[in-house]
Amino acid sequence: MATDHAIGIDIGGTGIKGAVIDLGTGELVTDRVKVRTPEGGRPADILAATEELVTGIDQRTGTKLPLGVCFPAVVKGGRTLSAANISREWIGLPAEEMFEKALGRDIHFINDADAAGYAESRYGAAVGVEGLVILTTLGTGIGSALINDGVLVPNSELGHLELDGHDAESRAAYSAMERESLSWEKWAKRLQRYYSHLEFIFSPDLFVVGGGVSKHHEHFLPLLKLTAPIVPAVHRNNAGILGAAALAIR
Ligand code: BGC
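Parameters and conventions
- Each residue is numbered by its place in its chain's sequence as written, counting from 1.
- Under the rules for a predicted model, residues below a pLDDT of 70 receive no local features and side-chain atom pairs below 80 are neither given nor counted, while totals for whole chains, interfaces and linings still include all residues.
- No hydrogens and no water enter the side-chain calculation; it runs on all heavy atoms of the structure.
- Only centres within 6.5 Å qualify two rings of Phe, Tyr or Trp (six-membered ring in Trp) as a pair; their planes then separate them into stacked at under 30 degrees, edge-to-face at over 60, and tilted for everything else.
- When accessible area is computed with a 1.4 Å probe and restricted to protein chains, residues below 20% of their type maximum are described as buried, those above 50% as exposed, and intermediate ones as partly exposed.
- An automatic or database domain assignment supplies the start and end points of every domain.
- Here a residue-residue contact requires only that any non-hydrogen atoms of the pair lie within 4.5 Å.
- Summed over both partners, the accessible area lost on bringing two parts together, with a 1.4 Å probe, is the buried area.
- One side-chain nitrogen of Lys or Arg within 4 Å of one carboxyl oxygen of Asp or Glu is enough to make a salt bridge.
- The term polar contact refers here to a pair of N or O atoms within 3.5 Å; inside protein, the definition further demands a hydrogen-donor-capable atom paired with an acceptor-capable atom, and it admits residues adjacent in sequence only when both atoms are side-chain atoms.
- The helix count covers DSSP runs of H or I at least four residues long, the strand count covers runs of E at least two residues long, and both are numbered beginning at the N terminus.
- Fitted lines through C-alpha atoms give the axes, limited to the stretch in contact for helices. The angle between two N-to-C directions lies from 0 to 180 degrees.
- Throughout this description, any angle smaller than 35 degrees is read as roughly parallel, any larger than 145 degrees as roughly antiparallel, any in the 65 to 115 degree range as roughly perpendicular, and the remainder as oblique.
- Note on convention: the crossing is left-handed when the near helix lies turned anticlockwise from the far helix by less than a right angle, right-handed when the turn is clockwise.
- Polarity classes work like this: nonpolar for Ala, Val, Leu, Ile, Met, Phe, Trp, Tyr, Cys and Pro, charged for Asp, Glu, Lys and Arg, and polar for all others, with Gly in that last group.

(A) Spotlight on the packing of aromatic side chains. Under the criterion given, the structure shown has 10 aromatic pairs. Residues Tyr194 and Tyr195 carry aromatic rings whose centres are separated by 5.3 Å and whose planes lie at 65° to one another, so their mutual orientation is edge-to-face. A single burial state applies to Tyr194 and to Tyr195, both of which are buried.

(B) Representation of the domain arrangement of the chain within the structure. According to the domain assignment, the chain consists of domain 1 (5–114 + 238–248) and domain 2 (129–232). Distance between the C-alpha centres of domain 1 and domain 2: 24 Å. Taken together, the contacts link nine residues of domain 1 with 14 residues of domain 2. Approximately 780 Å² of surface area, both sides summed, lies buried where domain 1 meets domain 2, with 49% of it carried by carbon and sulfur atoms. Taken together, the links from domain 1 to domain 2 amount to zero salt bridges. The interface formed by domain 1 and domain 2 holds two residue pairs in polar contact (both at pLDDT 80 or more) in total. Broken down by secondary-structure element, the contributors of at least two residues to the side of domain 1 that touches domain 2 are strand E6 (75–76) and helix H3 (112–123).

(C) Focus on the packing of helix H1 (residues 43–61) against helix H2 (residues 95–103). Following both chains from N to C, one finds H1 and H2 inclined at 45°, their axes separated by 10 Å at the closest point. Judged on the interaxial angle alone, H2 and H1 are oblique. Considering how the two elements wind past one another, H1 and H2 form a crossing that is right-handed. Contacts from Pro43, Ile46, Leu47, Thr50, Glu51 and Val54 of H1 reach H2 at Met98, Phe99, Ala102 and Leu103. Here the residues of the contact of H1 with H2 sort into eight nonpolar, one polar and one charged.

Structure (structure tokens):
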């Protein structure tokens, strides 16, 4: 394995995914491996599951490649500072240090949407875009990344904007559509309210929409009327892995 390879791990509410990335091209050089997120999402259990996944990758590569981990929380200085859809035990935890000890190498620990945004700006839908790009991931929650002229402003947490008296992600995330069995049209109305508000506040030059549901973008993106273009993420479910790996040896 070449030195411009790194492992990206994406920890989510349902699964923990990982792969080795070629940082020159942004391509996966191994298959993506996945384990289920342990019930309850508690730190010790997630760490054990991640360790199992990474050990498998180390055995295949025959070395310990640099490693980036992305996670659904505010992450500052290697500490996880919030817990929206995971165990509250993560709040205030020195997660990066904990993972470094267990996995035996330097690790870069970051927010999952920031990783996806970084990946799209370096290898995907936002390459070379001047000005402000807002990436949102529509999943269990809404993750956000702000990238201005290619520079990431971390931990924006725009899924938790209060809109019409609600935490925005509770109404507009993909999980809300599933939970309430909304049609694409009904869900798109909520997305319209959300993205219009983001546009009013930030005047971005481009919106990029990620998360698993972005592979069905033709059902909802054309229904949205915004001034800035709104496009699906190129790397969809792999964007977190890619960004985490790229940020590990930036
Ligand atoms: C969390 C964010 C995360 C997003 C997507 C939100 O609930 O607060 O930190 O990026 O979900 O996983």
